[in-house]
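What follows is the residue order along each chain.
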Protein chains: 4
Amino acid sequence: MSQSSFGKKFVVTTWGESHGKALGVVVDGCPAGLPLTEADIQIFLDRRRPGQNRYTTSRKEGDEVEILSGVFEGKTTGAPISMIVYNKDQRSRDYGNIAYTYRPGHADFGFDQKYGFRDYRGGGRSSGRETIGRVAAGAIAQKILGQLGITFCAYAKSIGPVEIQTFHPEVIKENSFYMPNMVAAEKASHYLEQCMKDMDSSGGVIECRINGVPAGLGDPVFGKLDAMFAQALMSIGAVKAVEVGDGVKVSKLNGSTDNDGFHIENGVISKLSNHAGGILGGISDGGEIILRAHIKPTASIAQAQQTITKDGENVTINIKGRHDPVIVPRAVVVVESMAALALVDALFCNMTARMDRITEFYKKK
Amino acid sequence: MSQSSFGKKFVVTTWGESHGKALGVVVDGCPAGLPLTEADIQIFLDRRRPGQNRYTTSRKEGDEVEILSGVFEGKTTGAPISMIVYNKDQRSRDYGNIAYTYRPGHADFGFDQKYGFRDYRGGGRSSGRETIGRVAAGAIAQKILGQLGITFCAYAKSIGPVEIQTFHPEVIKENSFYMPNMVAAEKASHYLEQCMKDMDSSGGVIECRINGVPAGLGDPVFGKLDAMFAQALMSIGAVKAVEVGDGVKVSKLNGSTDNDGFHIENGVISKLSNHAGGILGGISDGGEIILRAHIKPTASIAQAQQTITKDGENVTINIKGRHDPVIVPRAVVVVESMAALALVDALFCNMTARMDRITEFYKKK
Amino acid sequence: MSQSSFGKKFVVTTWGESHGKALGVVVDGCPAGLPLTEADIQIFLDRRRPGQNRYTTSRKEGDEVEILSGVFEGKTTGAPISMIVYNKDQRSRDYGNIAYTYRPGHADFGFDQKYGFRDYRGGGRSSGRETIGRVAAGAIAQKILGQLGITFCAYAKSIGPVEIQTFHPEVIKENSFYMPNMVAAEKASHYLEQCMKDMDSSGGVIECRINGVPAGLGDPVFGKLDAMFAQALMSIGAVKAVEVGDGVKVSKLNGSTDNDGFHIENGVISKLSNHAGGILGGISDGGEIILRAHIKPTASIAQAQQTITKDGENVTINIKGRHDPVIVPRAVVVVESMAALALVDALFCNMTARMDRITEFYKKK
Amino acid sequence: MSQSSFGKKFVVTTWGESHGKALGVVVDGCPAGLPLTEADIQIFLDRRRPGQNRYTTSRKEGDEVEILSGVFEGKTTGAPISMIVYNKDQRSRDYGNIAYTYRPGHADFGFDQKYGFRDYRGGGRSSGRETIGRVAAGAIAQKILGQLGITFCAYAKSIGPVEIQTFHPEVIKENSFYMPNMVAAEKASHYLEQCMKDMDSSGGVIECRINGVPAGLGDPVFGKLDAMFAQALMSIGAVKAVEVGDGVKVSKLNGSTDNDGFHIENGVISKLSNHAGGILGGISDGGEIILRAHIKPTASIAQAQQTITKDGENVTINIKGRHDPVIVPRAVVVVESMAALALVDALFCNMTARMDRITEFYKKK
């Protein structure tokens, strides 16, 4: 395998390269009877589409999705759902100069070591365009989760040094960066202008909050819910750290501060705080799930960088082409999608955890 | 499944509870012909054994491992290797008081929600004792990797607010905390004494460095090497964040700073820096691999905490019993073991990446 | 992996060799809340135990099972269930003469080619004793299935040329061969006496019928219910053919004869015949499931046979030792167990097939 | 999952329905560097294409395959290979009458029980057209295996009562039935004419022989090579029995007849007979691998049959439409493809069986 699949019960397999004919995904394990149209998918894909504004690559791709199988009379049938997006604007000439030179910060060198050669056109399989399949699949996952009352909210928490101070979810889609704060977005805009002038790029942080998750999801050992989220988020290119709840801060806390007390009022159980980010011992505790992915700056920059060629010569490279100065804004929906994929899988895996519920399930049927 | 297995080719399945008869692991997929004795395993288990010093639980467990299968005439046979450690000092009376009360910071509530009831003795399946199986399996993984020139160095990077300043790997095993700095260890000792006086606990950070990893390991999409490490490390109880290389810092860096240039000298390829922590685009780049796990403070503290009972009453709980004031020191070898398990799996998965090498492999045979 | 695991949701991992310290199994994915004791398991193990009569090996093994984990207060907890059986009568001297010689009909040659060497004591990992783990796990599977009204009936359909004519399930456990016909059992006894006199061995056929299986289990493509049964049964040593329903006969039938018409009466749907053996297009149709496994004669015979040594010399071998003249009787419960494992897995996998049932499952919860 | 994937290392995921827009497959885990063009695939697809002669459905499908990803500059890159075949002649009107009626011998009833409704157009996901993806993937598997000297020969061994007597592989592609005997093919033709006159259908047997397989493939327990073949072949619609080597005959043989002696001459090891069909204890023994699949008669026949409707009424159905009177000829290449998929997977899985070979693999690299 080249491990292009994710999930155990809701199994997603992506395929395609940046400059190939098309990209796509097969979703195997979607339950039958879910209403589904291409519009349900497109709305998510539009959030990661290039060319949304001056901070995203100018590559012209409508990224229109087509459903090829698994849907009949407007509903999923239980058969695999194959979705495809054709590449339209794959200007290979942009990338000719990197065929023989290893770009710093990219997987070029590793690819050649692993496979003996590589599809050098625009990152090939390692391109951010691969995430089209993830987002298309994630849209289905979110539709399923939505029917169970589970909702997602992902956004840019910081762009470079610019961090949001107050949280206004209603403005997330009102700015180019998907930040929940317009002042921060304005500052981020200025920061990025400077980066672009400097032929440089910026990193940032994406946060994802999930509400309505029932307690009890996740398995106690290797299948911990947070372990699944960690794999899911770290599998996104450019993510170098993943946090759950208080994340890196916990190492400096004491137990008396970090522990979340439980409380009951009128029969409703809640926690007095949520340092844990909704997951204890790998199992959801009914609280809001809070995840963060730390994104490195775009590796492709126009500044001169030292590197080597395939033939082993030291050279200097300046990377031209159409690159986002920051990956964060378009990656917000990717983080959200991966979180949704991990969660729907945990939800499905959980259905066989108790004998009484299995008996009830089959008795009724 | 309850997802008690880890790995695709080197498959590790742990079993057992804190206060059950025994704990163990089955390693399926260990190649034949590896010299292996119980001593190879014991040396790793001794590093996580309780009772090493006053900062670890006083539970008395020799944690002596027995190999039950898969080894013949001193070598592995290719058959599954079953290993067992019997529990000796499972004083269940310590835990009677928590049978009906949900401990803050623990998975008790989630367990009851998931399974309808739980083995409340000492955390049951969620106990740190479960990691005995991981460490025993990790010992085999490290033995395999050692034969290929791959070496591990894991240590406590910080205990609460005490962070190491200079790195002295030779003293890691010279102090109770597995810190690579004796001054820091001394400070950590003072800090923990205060925590214990306060009936409180501390978190910390574990770092793991891996050398000798060939470039080309890891798969480009969901099976990224760092994604596998992230799942592996986050699957350890109490880990709330995982970093690779510069980790959380990258979000504030620019591409010109974060990118590692490549360089060649006398035919040897190296990188001019290692912000990436040895992994680019999910594939190893030949550099040192650097991982960090952020550990939350021990959840079991003697201070009064608010919580609820199984029957839905608000109560106050003081957790007695034998608990480590900080998990970090004993978890160092667990982090190392999980990293080794993820790496050996990536190494095995990688063997079918190239047609020329497959042909050569079978031609020779 | 050496593929010692079976199942996707109810995952069974066996370990151990014929002459090692012990054999066992880890069952991961058993739902919580199933009442379970060692007696539930032992009753199945006793059906495959050696020394039941003069047609089984005289090796003295009580095969007493011990549950080491996953059960608390008499019920499964959802944690992996580890079970162990210690070897008592491993007389290695019996097998010394085959260390360097490849026994015809056995995997000795293949093992050496694959692994470079082998545990030659009594077949090692390839021994029939490996099935102890399968039967122990199968006992749990049957307990689960029993709670859902699904029942198994397996028996010897033929021993060598002796085939049952009429079916009397009540006598299956009344004779040494687990045949549902006392006359046939008598004839089989005579036939085997002659085989033993001739220093030869016999094959036979095992049939397994399963009642109460709801329609709708199995997945339409690679996970067809019959495909899962086929893998399950063919994975038993000595099975060389697997049939479902009319099996090999269908190739000579016409559609008008082979098709089973559907019929409804008083709201109850049934089939007018059951050529299909309860599975259509890989999905259960509500009818009785009928499986057959064809077992080859015991490979170990005392007659002289031509073979080669490890060093490449042609030699003659006479295999001494304690061997069953026919494998069939003790394999009956193994076939039944593997069928149960495949079925419980299909049952669990099926629970996420429909959105309406998933919604109902989580709404209630 | 709906289990639309096959394989552990060479992972094949098929998608698509009989009357949907398209069908296809994603092959994940194909090694990099394999020369591959659409012509390599098409030659296999043409063997299963409809409309080859009067014994196959008159549905008009060119079944032209397009490779969408994973191939660059004429070679595989290690990335997933996505292949697509568009449906052209999906006359849905043919199938309208079966939307509410369960066809005997088909999975219609099971589908509705499982999923709540179904894509009733031409069998939907259960259509033989799903095998397009299997054959396309199998073509790649055979190309890989061919480079290692492994060759396949599959053919119709019998059509209804007409069995081949002598074996002439050179004529397999010279007749409509892919029989290795022209006289038998002539007889089969007469037999089928009669079936068609009778508005009836016929079954048959497909045999597949594989040469050049190295000894040592397959894993000793659940991953036995024959178990993998059994799942692979039984997962083909209409297969009701799978045999290896002497298959069902072994149950009547004695050990002295069934065992294959080993022999060495001039350093070359061979077997004196091949009752085992090239597999002993689940591991290849270096001999020719012999597999047989028993195919039931086409379920769709024009004769009146009793059945029920979705609403629970007893009715009579006559199935019109374009149906093959016998599935066998077009299924020959499907059996061959599934055998190739199982074998390439076993070959890849086997590469980590020995420590010495792993060391050598990575030392060289």
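Now for a look at the structure at hand. (Residues numbered from 1 in each chain as written. Chains lettered and ligands numbered in written order. Predicted model: local features only at pLDDT ≥ 70, side-chain atom pairs only at ≥ 80, totals over all residues. Heavy atoms only, no water.)

A count of helices and strands for chain A gives eight helices and 18 strands. Against the compact-globule benchmark of 21 Å for 365 residues, chain A has a radius of gyration of 22 Å, which places it among compact chains. Taken over the C-alpha atoms alone, chain A extends approximately 65 × 50 × 40 Å along its principal axes. Expressed as a percentage of its 365 residues, the buried residues of chain A come to 68%. Taking the contacts inside chain A whose residues are at least 6 apart along the sequence as the reference set, 68% of them involve residues at least 24 apart. When the accessible surface of chain A is summed, it comes to about 11100 Å², and 50% of that surface belongs to carbon and sulfur atoms. Charge separation in chain A, taken as the distance between the mean sites of 42 positive and 40 negative side-chain charges, equals 3 Å. (Helix = DSSP H or I, 4+ residues; strand = E, 2+ residues; numbered from the N terminus. Rg over C-alpha atoms; globule rule 2.2 N^0.38 Å. Buried < 20%, exposed > 50% of the residue type's maximum accessible area, 1.4 Å probe, protein only. Contact = heavy atoms within 4.5 Å. Areas by Shrake-Rupley, 256 points an atom, 1.4 Å probe, with all protein chains shown as cover. Lys, Arg positive; Asp, Glu negative; His and termini not counted. Charge placed at Lys NZ, Arg CZ, Asp CG, Glu CD.)

Glancing now at the relation of the copies chain A and chain D. To go from the first copy of the chain to the second, apply a rotation about an axis and then a shift along the same axis. Rotating chain A by 180 degrees and moving it 0.0 Å along the rotation axis overlays it on chain D with an RMSD of 0.0 Å. Taken together, these values place the two copies in the relation of a two-fold axis. Here 100% of the contact residues of chain A are again contact residues in chain D; the copies associate through an equivalent surface. (Least-squares fit on C-alpha atoms with pLDDT ≥ 70 in both.)

Glancing now at the packing of aromatic side chains. With the rule as written, the count across this model stands at 32 aromatic pairs over all chains. Seen in terms of ring centroids, F109 of chain C and F262 of chain D are 5.2 Å apart; in terms of plane orientation they differ by 50 degrees. Their pairing is tilted. Placement of the pair is F109 of chain C in helix α2 (residues 108-115) and F262 of chain D in strand β12 (residues 262-265), with the two residues belonging to separate chains. Both residues of the pair, F109 of chain C and F262 of chain D, belong to the buried class. Ring plane angle 75 degrees and centroid distance 5.4 Å describe the contact between Y102 of chain D and F109 of chain D, whose orientation is recorded as edge-to-face. Three or more aromatic residues joined by ring pairs make a cluster, and in this case those are Y102 and F109 of chain A together with F262 of chain B. Taking the ring centre of Y115 of chain B as reference, the NZ or CZ of K114 of chain B above it sits at 5.8 Å. (Phe/Tyr/Trp six-rings, centres within 6.5 Å; stacked < 30°, edge-to-face > 60°. Lys NZ or Arg CZ within 6 Å of the ring centre and 35° of its normal.)

This paragraph deals with α2 of chain C. Taking burial as the measure, the eight residues of α2 of chain C include seven buried ones, the bulk of the element. For α2 of chain C, the elements touching its buried residues are β12, β13 (268-271) and β15 (283-284) of chain D. Of the residues trailing α2 of chain C, G116 of chain C is marked for its positive phi of about 90 degrees.

Attention now goes to the interface of chain B and chain A. Each partner contributes residues to the interface: chain B has 108 residues there, and chain A has 108 residues. Among the residues chain B hides against chain A, the three largest losses belong to K114, F222 and K240 of chain B. Together they make up 11% of the total. One salt bridge in this structure joins K252 of chain B and E163 of chain A, with 3.9 Å as the shortest N-O distance. Across the contact surface, chain B and chain A share 43 residue pairs in polar contact (both at pLDDT 80 or more). It is helix α2 (residues 108-115) of chain B that provides the largest number of residues to the side of chain B that touches chain A, a total of seven residues. When the residues that make up the side of chain B that touches chain A are grouped by side-chain class, the tally is 45 nonpolar, 41 polar and 22 charged. Pairing of strand β11 (residues 239-244) of chain A with strand β11 (residues 239-244) of chain B, which is carried by three bridges, proceeds in the antiparallel orientation. Its bridge partner lying in β11 of chain B, A241 of chain A is registered against E243 of chain B. (Buried area = accessible area lost by both parts, 1.4 Å probe. Salt bridge = Lys/Arg side-chain N within 4 Å of Asp/Glu carboxyl O. Polar contact = N/O pair within 3.5 Å; in protein donor to acceptor, adjacent residues only side chain to side chain. Nonpolar A, V, L, I, M, F, W, Y, C, P; charged D, E, K, R; others polar. Pairing = 2+ DSSP bridges.)

Purely geometric numbers; function is a separate question.
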